[in-house]
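# An overview of the molecular structure
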Amino acid sequence: MIFGFGKKKQQDDDDHDEDLELISFQGPVSGPPPNLNENPGLVRAGLIPAKEIVSDAVSRDASMLRLDPKGAGYIGMLMVDGMKYPGPRLQKQQGTAITQILKMMAGLSIQERKKPQRGSIKADYEGQPYEITIDITPTPEGERLNIYLANLKTRPNQPDEIGISETLKEKIREIAATREGFIGVCGGPRNGLTTSTVGVVRSVDAYVYGVYKVFDTGTWDIPYVTDFEREEGHDLETTITRAQRSEAEVIYVPPITSDEEAKVLIKAAAKSGIIAEYPAKDAVSGLLQLIKWIGDEELVASNVKAIITSKLIRKLCPSCKQAYAPNPKLLAKIGLSKETKALYRHRVQPQELQKGETWDSCPKCHDIGYQGQIAMFELLEMTEGMQEVVRAKPSPDAIRAQVKKDGGLTLQKDGLHLVSNGTTSLEELQRTFKS
Ligand SMILES: [Zn+2]
């Protein structure tokens, strides 16, 4: 491997370098293509190294690669399925050239080095379409580069691939059938919030209801949803009112970032369904955040229908996961049926092998034991009981107690379901709730 990092690559023989296919950059997702002739020196110094570093990250199924300027060089970090791994270490000159060329490819300004910038590149790797998002944050030592990598073909898109169960889908459809009310979709950072929100929108039957979106969702394609563009000079409120007049029954709106936006949306939810995402670690915090933004408990109680939260968990690698017969006491303790015949776990590691057992490397997961992630979901419904709780200026405990009373879906329940059907392991579920 060119940069001498990565456990797997080091074990391979030297000619692996020649096998690494290079990614091809096809220009910015929005805006005109960069003029490479304007900067031949930068292209010579940065283009091939940038392609090598991105190709290596993509070939390792990374969702993010970070290059952080530190001292005399750059320190790299990779994220694979939400876990951090050491990345490349680069010399200052090379790291800077890579950062600059990627900025150029994403249509960002290479002269600007003091302000945050973000833009995306269309790319192709081994015949698969990718979206490479370049995110720049100035630090005292230079510019930190976060490169987000999304395979547009294998990115989960259908509600069930995202982790939305049939039961949750039914609930979302029931709410949509009323053609009114606010559905908030919440999650913590790096928990695939937009993916989950797209899943919620796609769970509404867009054949049956007039589903509109009033903002640019980039490379997310949501079939049968009407793209309702905001006219110049129109604010969010005017745009939503216009969409409602043209028979929108459910409207997918941009992520909420302020109390003003939240107030507009909750009021609009009296006339149509509204779906919006905003950051909050769980449904209880999500509801409390809304109450704080709106400042009117009655309005929240009457216009909010549900808060849906998601949290990502790694899936066991289907090629190398191992079944085991669970101890009945353990099943009782964690609340799984005693009829559960098998659970699955990450296979034993080479150092744990018993005498006579052999160990083959798993090419599918690069011996990590997990591959890909799926979301666990939580549903807080605005039942009559919950309305009473909200009207009484609730504490987090009071909301939690009501969720329990209502028997709603919780992250823990959804996670245990994924353990019982072999999608993930008990160990991974425990890790997820600790982190
Ligand atoms: Zn595997």
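Computed from a predicted structure; not experimentally measured.

A count of helices and strands for the chain gives 16 helices and 16 strands. The C-alpha atoms of the chain give 24 Å as radius of gyration, which agrees with the globular expectation for 435 residues (22 Å, within 12%). In terms of overall dimensions, the chain has a C-alpha envelope of 65 × 65 × 40 Å along the principal axes. Scored against the burial criterion, the 435 residues of the chain give a buried share of 39%.

Under the domain assignment used here, the chain contains domain 1 (7-151) and domain 2 (166-309 + 377-409). One C-alpha centre belongs to domain 1, the other to domain 2, and the line joining them spans 35 Å.

Judged by nonpolar contacts, the single largest core of 68 residues is most densely connected at I251, L265, I274 and I275. Beyond its immediate sequence surroundings of up to four residues, L265 is in contact with F182, V253, I256, I274 and A276. In terms of nonpolar packing, the next biggest core, distinct from the first, is built from 36 residues, L90, I98, L102 and Y130 among them.

So, on to unusual backbone geometry. The phi torsion at D367 lies on the positive side, around 65°, for a residue other than glycine. One can find D367 in the loop between β15 (343-345) and β16 (370-381). You will see that K393, though not glycine, has its phi angle at about 50°, which is positive. Inspection of the secondary structure assignment puts K393 in the loop between α13 (384-391) and α14 (396-406). According to the C-beta neighbour criterion, K393 is exposed, with 9 such atoms within 10 Å.

So, on to the environment of I294. With respect to the helices and strands, I294 occurs in helix α10 (residues 283-294). In this structure I294 comes out as buried when scored by C-beta crowding, with 20 C-beta atoms within 10 Å. Each residue touching I294, except ones within four places of it in the same chain, is listed here: A262, K263, I266, L299 and V300.

So, about the confidence of the model for the chain. Per-residue pLDDT for the chain averages 91, and the proportion of residues at 70 or more is 95%. Within the model, pLDDT remains below 50 along residues 1-16, and this stretch shows 16 contacts once partners closer than five positions in the same chain are excluded.

Judged by pairing direction, the sheet is mixed, and its seven strands sit side by side in the order β10-β9-β11-β12-β8-β13-β16 without closing on themselves. A strand with exactly one partner marks an edge of an open sheet, and here the two such strands are β10 (226-227) and β16. By the bridge criterion, two bridges tie strand β9 (residues 211-213) to β10 in an arrangement that is parallel. Across the sheet, Y212 pairs through a bridge with T226, a residue of β10.

The next point concerns the sheet that holds strand β4 (residues 83-91). Taken in spatial order, the seven strands line up as β1-β5-β6-β7-β2-β3-β4 in an open sheet, and their pairing is antiparallel. Among the strands making up the open sheet, the edge pair consists of β1 (24-28) and β4. The average undirected angle you get between the axes of adjacent strands in this sheet is 25°. Sitting on the sheet, helix α3 (residues 40-59) touches β2 (64-70), β3 (73-80), β4, β5 (117-125), β6 (128-139) and β7 (142-151), and the angle it makes with β7 is about 45°. Across the face of the sheet, helix α4 (residues 92-105) comes into contact with β1, β2, β3, β4, β5, β6 and β7 while running at roughly 110° to β4.

Quick look at the pairing of strand β12 (residues 273-279) now. The element β12 is extensively covered by neighbouring structure, given that six of its seven residues are classed as buried. Pairing of strand β8 (residues 181-187) with β12 involves seven bridges; the strand directions are parallel. Bridge assignment links F182 to a residue of β12, and that residue is I274. Relative to β12, strand β11 (residues 250-252) runs parallel, the two sharing three bridges. Bridged to Y252 within β12 is I275. For the crossover from β11 across helix α9 (residues 259-268) to β12, the handedness is right-handed.

For the pair α10 and α14, the least separation of the axes is 10 Å and the interaxial angle reads 125°. Between α10 and α14, the angle falls in the class oblique. Helix-helix and strand crossings are classified by hand; for α10 and α14 the assignment is right-handed. Residue-level inspection shows V284, L287 and L288 of α10 in contact with α14, the latter providing P396, I399 and R400. Taken together, the residues that form the contact of α10 with α14 break down as five nonpolar, no polar and one charged.

Before going further, it helps to examine the pairing of strand β13 (residues 304-316). Counting buried residues along β13, 13 of its 13 residues qualify, which places the element largely inside the surrounding structure. Note that β8 and β13 share five bridges and pair parallel. From the neighbouring strand, F182 faces β13, where its bridge partner is V304. Relative to β16, β13 is paired through 10 bridges, and the arrangement is antiparallel. Residue pairing across strands places A306 opposite E381, the latter belonging to β16.

Here we take up the packing of α13 against α14. To describe two helices that pack against each other, one gives the angle between their axes and the distance between the axes. Running from amino to carboxyl end, α13 crosses α14 at an angle of 175°, the nearest separation of the two axes being 10 Å. Here α13 lies roughly antiparallel to α14, going by the angle between them. Two secondary-structure elements touch here, α13 through G385, M386 and V389 and α14 through A398, I399, Q402, K405 and D406. Across the contact of α13 with α14, the residue classes break down as four nonpolar, two polar and two charged.

Criteria and cut-off values
- Residues numbered from 1 in each chain as written.
- Predicted model: local features only at pLDDT ≥ 70, side-chain atom pairs only at ≥ 80, totals over all residues.
- Helix = DSSP H or I, 4+ residues; strand = E, 2+ residues; numbered from the N terminus.
- Rg over C-alpha atoms; globule rule 2.2 N^0.38 Å.
- Buried ≥ 20, exposed ≤ 12 C-beta atoms within 10 Å, placed from the backbone.
- Domains from an automatic or database assignment.
- Core = buried A, V, L, I, M, F, W, Y, C linked by C-beta atoms within 7 Å.
- Contact = placed C-beta atoms within 7 Å.
- pLDDT = per-residue confidence, 0-100.
- Pairing = 2+ DSSP bridges.
- Axes fitted to C-alpha atoms, helices over the stretch in contact; angles between N-to-C directions.
- Right-handed = clockwise from strand over helix to strand, strands pointing away.
- Parallel < 35°, antiparallel > 145°, perpendicular 65-115°, else oblique.
- Left-handed = near helix turned anticlockwise from the far one by under 90°.
- Nonpolar A, V, L, I, M, F, W, Y, C, P; charged D, E, K, R; others polar.

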